[in-house]
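Chain and residue survey
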Amino acid sequence: MLLQLKNISKGYGEPGTHSFRPVLDKLNLEIKKGERLSIVGPSGSGKTTLLNLIGALDLPDAGEVIFNGSDLTSYSKDRLATFRNQNLGFVFQLHHLMPQLTLMENILLPVLAHGKTSKDDKNWAEHLVRKVGVWEQRNQKPAEMSGGECQRTAVVRALINKPELILADEPTGALDEENATALTDLLLELSAEEGVTLVTVTHSAEMANKMERKLTLKNGQLH
Ligand code: ADP
Ligand code: MG
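The structure displayed is predicted, hence computed values, not measured ones. (Residues numbered from 1 in each chain as written. Chains lettered and ligands numbered in written order. Predicted model: local features only at pLDDT ≥ 70, side-chain atom pairs only at ≥ 80, totals over all residues. Heavy atoms only, no water.)

**Some points on the site of ligand 1**
Ligand 1 sits among Tyr12, Arg21, Val23, Pro42, Ser43, Gly44, Ser45, Gly46, Lys47, Thr48 and Thr49. One nitrogen or oxygen atom from the main chain of Ser45 is found 3.3 Å from an oxygen atom belonging to ligand 1. Here Gly46 contributes a backbone N or O atom positioned 3.0 Å from an oxygen atom of ligand 1. For ligand 1, whose accessible area on its own is 560 Å², the fraction buried by protein is 58%. At the level of elements, β2 (21–31) and α1 (47–54) are the ones that each hand at least two residues to the shell around ligand 1. Counting residues per element, the shell around ligand 1 draws most heavily on α1, which supplies three residues. Considered class by class, the residues forming the shell around ligand 1 number three nonpolar, six polar and two charged. (Near = heavy atom within 4 Å. Polar contact = N/O pair within 3.5 Å; in protein donor to acceptor, adjacent residues only side chain to side chain. Areas by Shrake-Rupley, 256 points an atom, 1.4 Å probe, with all protein chains shown as cover. Helix = DSSP H or I, 4+ residues; strand = E, 2+ residues; numbered from the N terminus. Nonpolar A, V, L, I, M, F, W, Y, C, P; charged D, E, K, R; others polar.)

Structure, rendered in structure tokens:
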């Protein structure tokens, strides 16, 4: 088992007061290594909240997040940051590329976060950049690239440290239909090739249906 969420509860506001809003309610989830999973659910149902807990970007009010046997809720902030950088890749609705850096510099940023870039890193980056079809754009900045190219670059950045798990929050949400289909296929192809586990939150029925497993978040639980 790669990841287990055990009895996760999470809300916002001050517990015990009127301001408190429960979002996740004793939620359980088990994800096997290599699995490709989609999570759907209405806006406001807590999909981003759930993904942020899986990705250790936020902590639950109660429950455990167990990654490869270790409970992430017991990690210090520093240890979590290192854990995320080495084990997880994130893709968001907006690409969040750095505007002042070129495509290649953006991709290698997560590598620089834990040391110098090696020849292997550069070869791996080149392989991925060619694979997703943005090699011609490698020295361009995000403002000089299309939305689809930026989002494909964000996928490469998510893969650069060879993560075990990719978390994608509405990755096709800002793309037109053609680019959305291309990005979905790319995520599926690359996760299969690299044996990376993929969890994607999506509004797109097309994307959700292409995943091997589909869960719906409703009333704070997965069904
Ligand atoms: P989804 O991604 O499914 O649209 P979210 O996880 O973003 O849902 O939000 C779930 C609920 O929690 C919503 O009602 C939202 O308003 C609320 N919420 C999300 N983040 C915060 C926050 N940082 N502070 C207060 N409320 C929040
Ligand atoms: Mg969301």
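Once you've had a look at it, read on.
**Description of the side chain of Asp121**
By the element assignment, Asp121 lies in helix α4 (residues 119–131). No salt bridge forms around the buried Asp121; measuring N to O, its nearest opposite-charge neighbour Lys162 is 7.4 Å away. Separated by 2.9 Å, the side chain of Asp121 and the backbone nitrogen of Ser118 make a polar contact. With sequence-adjacent residues up to four places away left out, Asp121 is seen in contact with Leu108, Val111, Lys116 and Ile160. (Buried < 20%, exposed > 50% of the residue type's maximum accessible area, 1.4 Å probe, protein only. Lys, Arg positive; Asp, Glu negative; His and termini not counted. Salt bridge = Lys/Arg side-chain N within 4 Å of Asp/Glu carboxyl O. Contact = heavy atoms within 4.5 Å.)

These figures capture arrangement, not role.
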